[in-house]
Amino acid sequence: MIHSLAAGCFIILAFIVIINPPAHNTKAKYWFSGFLFCVGLGLTERDLYQQNPDFVVLSECSRFLIAPFLYFSIVYFTKPKFLFSIYDSLHFIPFIIFSFFAIAFLIQHEYPLSLPAQFSRYFGFFLSLSLKLQILIYWGYSFFLLRKHRRDIQLFSTETKQVNLNWLTNMLYIILVIIVIAILSAGFTHLPIYHYLPIIYCLCSGFIAYYIIPQKEIYPFPETVKAEIQEIIEVTSSKKSSIARLSEAEMAFLKTKLEIIMEQEKPYLQSDINLFQLAEHLNISTHDLSFLLNTGLSINFNDYINNYRINEAKRLLKSPKHTHLSIEGIGYESGFSSKSSFFNSFKKIVGLSPLAFKKIGMP
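Quantities reported herein were computed from a predicted structural model and do not represent experimental measurements. (Residues numbered from 1 in each chain as written. Predicted model: local features only at pLDDT ≥ 70, side-chain atom pairs only at ≥ 80, totals over all residues. Heavy atoms only, no water.)

A.B. asks: Would you take a moment to explain the overall build of the chain for this structure?
C.D. replies: When you go through the chain residue by residue, the secondary structure sums to 15 helices and zero strands. Put simply, the chain has 363 residues, and 43% of those count as buried. Across the chain, contacts joining residues at least 24 apart in sequence account for 71% of those joining residues at least 6 apart. Summed over all atoms, the accessible surface of the chain reaches about 19700 Å², with 64% contributed by carbon and sulfur. (Helix = DSSP H or I, 4+ residues; strand = E, 2+ residues; numbered from the N terminus. Buried < 20%, exposed > 50% of the residue type's maximum accessible area, 1.4 Å probe, protein only. Contact = heavy atoms within 4.5 Å. Areas by Shrake-Rupley, 256 points an atom, 1.4 Å probe, with all protein chains shown as cover.)

A.B. asks: What exactly am I supposed to notice about the side chain of histidine 149 here?
C.D. replies: Relative to the helices and strands, histidine 149 resides in helix α5 (residues 117-152). With a relative accessible area of 2%, histidine 149 lands in the buried category. When neighbours within four sequence positions are excluded, histidine 149 is seen to be in contact with Thr78, Val163, Asn164, Leu165 and Tyr219.

A.B. asks: Hey, could you run me through a nonpolar patch on the surface in this one?
C.D. replies: The grouping of Ile86, Tyr87, Leu90, Ile93 and Ile97 at the surface amounts to a nonpolar patch, some 570 Å² of accessible area in total. Along the chain, the position of isoleucine 86 falls in the loop between α3 (53-78) and α4 (93-108). (Patch = residues over 30% accessible without salt bridge, like charges linked within 9 Å, V, L, I, M, F, W, Y side chains within 5 Å. Salt bridge = Lys/Arg side-chain N within 4 Å of Asp/Glu carboxyl O.)

A.B. asks: Explanation requested: the pattern of salt bridges in the structure shown.
C.D. replies: Once the charged atoms of two side chains with opposite charge are near each other, the side chains can pair. A complete count under the given rule lists three salt bridges for this structure. Residue aspartate 152 is joined to lysine 148 by a salt bridge in which the shortest nitrogen-to-oxygen separation is 2.8 Å. Taken together, the residues aspartate 152 and lysine 148, both in helix α5 and four residues apart, mark about one turn of the helix. Linking aspartate 303 and lysine 348 is a salt bridge whose minimum nitrogen-to-oxygen distance equals 3.3 Å. With aspartate 303 in helix α12 (residues 301-318) and lysine 348 in helix α14 (residues 339-350), this residue pair connects regions lying 45 residues apart in the sequence.

A.B. asks: How should helix α8 (residues 223-236) be read in this particular structure?
C.D. replies: Within an α-helix, residues lying three or four positions from one another point in the same direction, as the helix has 3.6 residues per turn. In this model, α8 (14 residues) spans 20 Å end to end at C-alpha, consistent with the 20 Å of a helix rising 1.5 Å per residue. Among the residues of α8, Val225, Lys226, Ile229, Gln230, Ile232 and Ile233 are the ones counted as buried. Axial view of α8: buried residues confined to an arc of 165°, hence all on one face. (Expected span 1.5 Å × (residues − 1). Arc of directions from axis to C-beta.)

A.B. asks: In this structure, what is going on with the state of the cysteines? I would like to understand it.
C.D. replies: What makes a disulfide is a covalent bond joining the sulfur atoms belonging to two cysteines. Counting across every chain of the model gives zero disulfides. With no disulfide partner, cysteine 204 has as its closest neighbouring cysteine sulfur the one in cysteine 202, 9.3 Å distant. (Disulfide = S-S within 2.5 Å.)

A.B. asks: What is the right way to read the packing of aromatic side chains from this model?
C.D. replies: For the coordinates displayed, the defined rule picks out 28 aromatic pairs. When the ring of phenylalanine 342 is compared with that of phenylalanine 346, the centres are 5.8 Å apart and the planes differ by 75°; the resulting orientation is edge-to-face. Placement of the pair is phenylalanine 342 and phenylalanine 346 together in helix α14, with a separation of four residues, close to one helical turn. Since its relative accessible area comes to 0%, phenylalanine 346 is described here as buried. Taken together, the aromatic side chains of Trp31, Phe69, Tyr71, Phe72, Tyr76, Phe82, Phe84, Phe92, Tyr138, Tyr141 and Phe144 make up a single cluster linked through ring pairs. The ring of phenylalanine 336 has arginine 309 lying over it, and the distance from NZ or CZ to the ring centre is 5.5 Å. Its end group placed over the ring of phenylalanine 343, lysine 339 keeps NZ or CZ at 5.6 Å from the ring centre. (Phe/Tyr/Trp six-rings, centres within 6.5 Å; stacked < 30°, edge-to-face > 60°. Lys NZ or Arg CZ within 6 Å of the ring centre and 35° of its normal.)

A.B. asks: Please clarify how the layout of surface pockets should be interpreted in this entry.
C.D. replies: It is the rolling of a water-molecule-sized probe over the atoms that shows where space remains empty. Of the pockets and cavities examined, the second largest pocket occupies roughly 600 Å³. Lining the second largest pocket are 25 residues; nearest its centre among them are Thr158, Thr160, Ser341, Asn344 and Ser345. Residue assignment for the lining of the second largest pocket shows that the elements contributing at least two residues are α12 and α14. In terms of residue count, the dominant contributor to the lining of the second largest pocket is α14 (six residues). (1 Å grid on protein atoms, 1.4 Å probe; cavity = no way out; pocket = protein on both sides within 12 Å on 5 of 7 lines; lining within 4 Å. Points joined across faces, edges and corners; volume = space filled by probe spheres on them.)

A.B. asks: Just to check I follow, could you spell out unusual backbone geometry for this structure?
C.D. replies: Trans peptide bonds make up the majority, and among non-glycine residues the majority have a negative phi. Here the phi dihedral of lysine 266 falls at roughly 50°; this positive angle occurs in a residue that is not glycine. Relative to the assigned elements, lysine 266 resides in the loop between α9 (248-264) and α10 (275-282). Exposure remark for lysine 266: the relative accessible area of 31% places this residue in the partly exposed category.

A.B. asks: Can you walk me through the environment of histidine 281 in this structure?
C.D. replies: Relative to the assigned elements, histidine 281 resides in helix α10. According to the relative accessible area criterion, histidine 281 is partly exposed, its value standing at 34%. Look past the residues within four positions of histidine 281 in its chain and what remains in contact with it is Ile261, Glu265 and Pro267.

A.B. asks: Is there a simple way to think about the nonpolar core in this case?
C.D. replies: Most often, soluble globular proteins keep nonpolar side chains buried together rather than apart. Core analysis: the largest hydrophobic core is formed by 83 residues, its most contacted members being Phe32, Phe35, Leu36, Phe156, Trp167, Ile175 and Ile208. If one sorts the elements of this core by residue count, α3 sits on top with eleven residues. Counting eleven residues, the second-largest nonpolar core is a separate cluster that includes Ala313, Phe336, Phe342 and Phe346. (Core = buried A, V, L, I, M, F, W, Y, C linked by side-chain atoms within 4.5 Å.)

A.B. asks: Which parts of the structure should I look at to understand the environment of phenylalanine 221?
C.D. replies: Relative to the helices and strands, phenylalanine 221 resides in the loop between α7 (197-212) and α8. Aside from chain neighbours lying at most four places away, what touches phenylalanine 221 is Phe156, Lys226, Ile229 and Asn274.

A.B. asks: How do you make sense of the packing of α9 against α12 when you look at a structure like this?
C.D. replies: The packing of two helices is summarised by the inter-axis angle and the distance between the axes. Between α9 and α12, the least distance of the axes is 11 Å, while the angle of their chain directions is 40°. When the axes of α9 and α12 are compared, the pair comes out oblique. For α9 against α12, the interelement crossing comes out right-handed. Judged by residue contacts, Leu258, Glu259, Met262 and Glu263 of α9 engage Tyr304, Ile305 and Tyr308 from α12. Here the residues of the contact of α9 with α12 sort into five nonpolar, no polar and two charged. (Axes fitted to C-alpha atoms, helices over the stretch in contact; angles between N-to-C directions. Parallel < 35°, antiparallel > 145°, perpendicular 65-115°, else oblique. Left-handed = near helix turned anticlockwise from the far one by under 90°. Nonpolar A, V, L, I, M, F, W, Y, C, P; charged D, E, K, R; others polar.)

Below is the structure:
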């Protein structure tokens, strides 16, 4: 019954994720909770195969939900205003089809369609292979969504630590370990390590709990701002971004106005400056500012702000009046919110670390 222990860990964690007090990322947590619950049901099957075959038939249905539940949890984590549509229901067609056969079998104790023994074996192999491919494909696309999310957040924020979802990427790696173990374990039941797999499952559930439970609001903005974020991401990543929102004259005027504001008011020194606040400085819409940066200047918001911050840091590093500041202190004075973001941005733009730049004394 040792697999049931691992199953219990996942099922209990599924309920903990739902009742976790902070009321944020709610839809994403519901979908992820469903993923955990289905994983738990799948693990109980190994211990109940002989004792309760009817339950095994039902737990097999849950296997077709594991991949879509994981995928939609990632979608809701990465897209602040995602709306589930009728087309999204297509992801659940394999589950619906298999459930029809499963329920018919439970009622009649035979499948509605009888196949010759040889075809049944092929069908069983195809079903097993399709389940493995399904979870791997959905995992891969979920990973792609997280990589895309890292690029998207640079369109509107420089303070990316809270919204970059690195913790979710780490959790996805842990889920990949579970997937690989589940796929390979079927062919290695004769090995001694097979009996220790439930312990590995329990440890993985603990790591998942470590990442998922303490998470804060991913998009700490008002609902109207979240809607704008979603629109900016969709427009920038689609062909609509090539449609001119501004005339050439308007573009030239706003470029000049933006440069004056950046030089005189220095909003980049504000560590949590975002696209919406900068748009207020210019008294234009966030969509117009996004278009100005991405199309007019061919740069995203994050890189645009960090270029000014790095120039400020270079000035401070060469200034005799600021020798009392540490390298880290110069980063904070330049508008960066952390040492790591300062060092990474400096190395990316200048090609040297801040300390190496200071020693060389480059212009």
